[in-house]
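So the chains spell out like this:
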Amino acid sequence: MATKLSKSFYTRSDVTLIARELLGKVLCTNIEGILTSGIIVETEAYSQRERASHAYGGKRTPRTETFYNDGGISYVYMCYGIHYLFNVITNWHHTADAVLIRAIEPLEGKEDMLLRRGMNKMTHRIAAGPGSVCKALGIDRSHNGLDLGKDIWIEDRSITYKKSQIIASPRVGVDYAGEDAKLPWRYRVKDSPWVSKAK
DNA sequence: CAGCAGATTGACT
DNA sequence: GTCAATCTGCTGC
């Protein structure tokens, strides 16, 4: 049984709750006629209340405009000039919260993921890490600010993890955020070989 | 308008 | 373990 998550899933106010609930959901893309999908096994929460977010303190710049929409749309941006990172905007249009998808376990379209990644056999690194996820699923800047539903969407296939299987830890790569860098807003599935390397 | 730093990755010493 | 790759958008002059 596969159901697309409804808008009301994303517009709730507790971004860390949404980040946790997204574990086990299935991220699907249909880009250039190629269907690929995978179970979300690692996420991070970002809120305008803390400095690690681009939209900290409600800051508005051309790049963060996407945050100020209702939940349920995509936020894709380029980092280090090389990698795309895929986020889901949550909360309502006055609050700039988002969940970063960091790792998936491939389901459909594995061959195409390998092709996009330039790999010839399936390894646990195929979509471990936010840049890798985007590359494997074919997500790029043109998918920024889209409603989740047509090219990119998330399904509930009744996969759930127990609380004891979900590990919360500090986020990586956000040291510049000072004290906020210590918030345990990174969530991953315990013992999953598909998550990115823990630091 | 120039300079800089970044929610990363993968190749190399 | 260390470091370069490479582009966008923000900050400051």
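1. Structural notes on the overall build of chain A
Thought 1: Across its full length, chain A carries 4 helices and 9 strands.
Thought 2: Across chain A, helices and strands are ordered from the amino to the carboxyl terminus as β-α-α-β-β-β-β-β-α-α-β-β-β.
Thought 3: Radius of gyration (C-alpha) of chain A: 15 Å, near the 16 Å computed for a compact globule of 199 residues.
Thought 4: Split into buried and exposed, the 199 residues of chain A put 51% on the buried side.
Thought 5: Taking the intrachain contacts of chain A between residues at least 6 apart in sequence as the baseline, contacts between residues at least 24 apart amount to 62%.

2. Some points on the packing of aromatic side chains
Thought 1: Tallied over the full model, the rule gives 3 aromatic pairs.
Thought 2: Measuring from ring centre to ring centre gives 4.6 Å for Phe 67 and Tyr 75, while their planes differ by 55°; the resulting arrangement is tilted.
Thought 3: For Phe 67, a relative accessible area of 3% gives the class buried.
Thought 4: Chaining the aromatic ring pairs together yields one cluster made of Phe 67, Tyr 75 and Tyr 77.
Thought 5: Sitting above the plane of the Trp 153 ring, Lys 4 keeps its charged end 4.9 Å from the centroid.
Thought 6: The ring of Tyr 46 has Arg 171 sitting right over it, with the charged end atom 4.9 Å from the ring centre.

3. Some thoughts on the protein's contact with DNA strand B
Thought 1: Near DNA strand B lie 22 residues; those nearest to it are His 83, Asn 87, Arg 117, Gly 173 and Tyr 176.
Thought 2: Sugar plus phosphate: this is where 50% of the atoms of DNA strand B within 4 Å of the protein reside.
Thought 3: Between a base nitrogen of DNA strand B and a side-chain N or O atom of Asn 87, the distance comes to 2.3 Å.
Thought 4: The contact in question runs from a phosphate oxygen of DNA strand B to an N or O atom on the side chain of Arg 117, over 2.9 Å.
Thought 5: Taken together, the elements giving at least two residues each to the surface near DNA strand B come down to strand 4 (74-79), strand 5 (83-90), strand 6 (97-106) and helix 4 (130-137).
Thought 6: Per-class residue counts for the surface near DNA strand B are 11 nonpolar, 8 polar and 3 charged.

4. Overview of helix 3 (residues 110-117)
Since the α-helix turns once every 3.6 residues, residues separated by three or four places project in the same direction.
Thought 1: Within the sequence span of helix 3, burial applies to Met 113, Leu 114 and Arg 117. Within helix 3, the buried residues cover an arc of 100° as seen down the axis, which keeps them to one side. More than 90 degrees from the buried face of helix 3, the exposed residues found are Glu 111 and Leu 115.
Thought 2: Residues of helix 3 that are buried sit in contact with strand 3 (34-46), strand 6 and helix 4.
Thought 3: After helix 3 finishes, the residue Gly 118 shows a positive phi value of roughly 70°.

5. Overview of the protein's contact with DNA strand C
Thought 1: Neighbouring DNA strand C are the residues Lys 59, Thr 61, Pro 62, Arg 63, Met 78, Tyr 80, Gly 81, Ile 82 and Arg 141.
Thought 2: Taken together, the sugar and phosphate atoms account for 65% of what DNA strand C places within 4 Å of the protein.
Thought 3: Between DNA strand C and the protein, one listed contact pairs a phosphate oxygen with a backbone N or O atom of Pro 62 at 3.4 Å.
Thought 4: The side chain of Arg 141 places a nitrogen or oxygen atom 3.2 Å from a phosphate oxygen of DNA strand C.
Thought 5: Here the surface near DNA strand C is composed, by residue class, of 4 nonpolar, 2 polar and 3 charged.

6. Here's the deal with the pairing of strand 9 (residues 186-189)
Thought 1: Side chains of strand 9 alternate between two faces, with Arg 186 and Arg 188 and Tyr 187 and Val 189 buried alike.
Thought 2: Here strand 3 pairs with strand 9 via 3 bridges, running antiparallel. Bridge pairing in strand 9 links Glu 44 to Arg 186.
Thought 3: Where strand 8 (residues 166-169) and strand 9 come together, 4 bridges link them in antiparallel fashion. Within strand 9, the residue paired with Ala 168 across the bridge is Tyr 187.

Cut-offs used in this document
Residues numbered from 1 in each chain as written. Chains lettered and ligands numbered in written order. Predicted model: local features only at pLDDT ≥ 70, side-chain atom pairs only at ≥ 80, totals over all residues. Heavy atoms only, no water. Helix = DSSP H or I, 4+ residues; strand = E, 2+ residues; numbered from the N terminus. Rg over C-alpha atoms; globule rule 2.2 N^0.38 Å. Buried < 20%, exposed > 50% of the residue type's maximum accessible area, 1.4 Å probe, protein only. Contact = heavy atoms within 4.5 Å. Phe/Tyr/Trp six-rings, centres within 6.5 Å; stacked < 30°, edge-to-face > 60°. Lys NZ or Arg CZ within 6 Å of the ring centre and 35° of its normal. Near = heavy atom within 4 Å. Polar contact = N/O pair within 3.5 Å; in protein donor to acceptor, adjacent residues only side chain to side chain. Nonpolar A, V, L, I, M, F, W, Y, C, P; charged D, E, K, R; others polar. Arc of directions from axis to C-beta. Pairing = 2+ DSSP bridges.

Treat this as a map of the structure, not an account of what it does.
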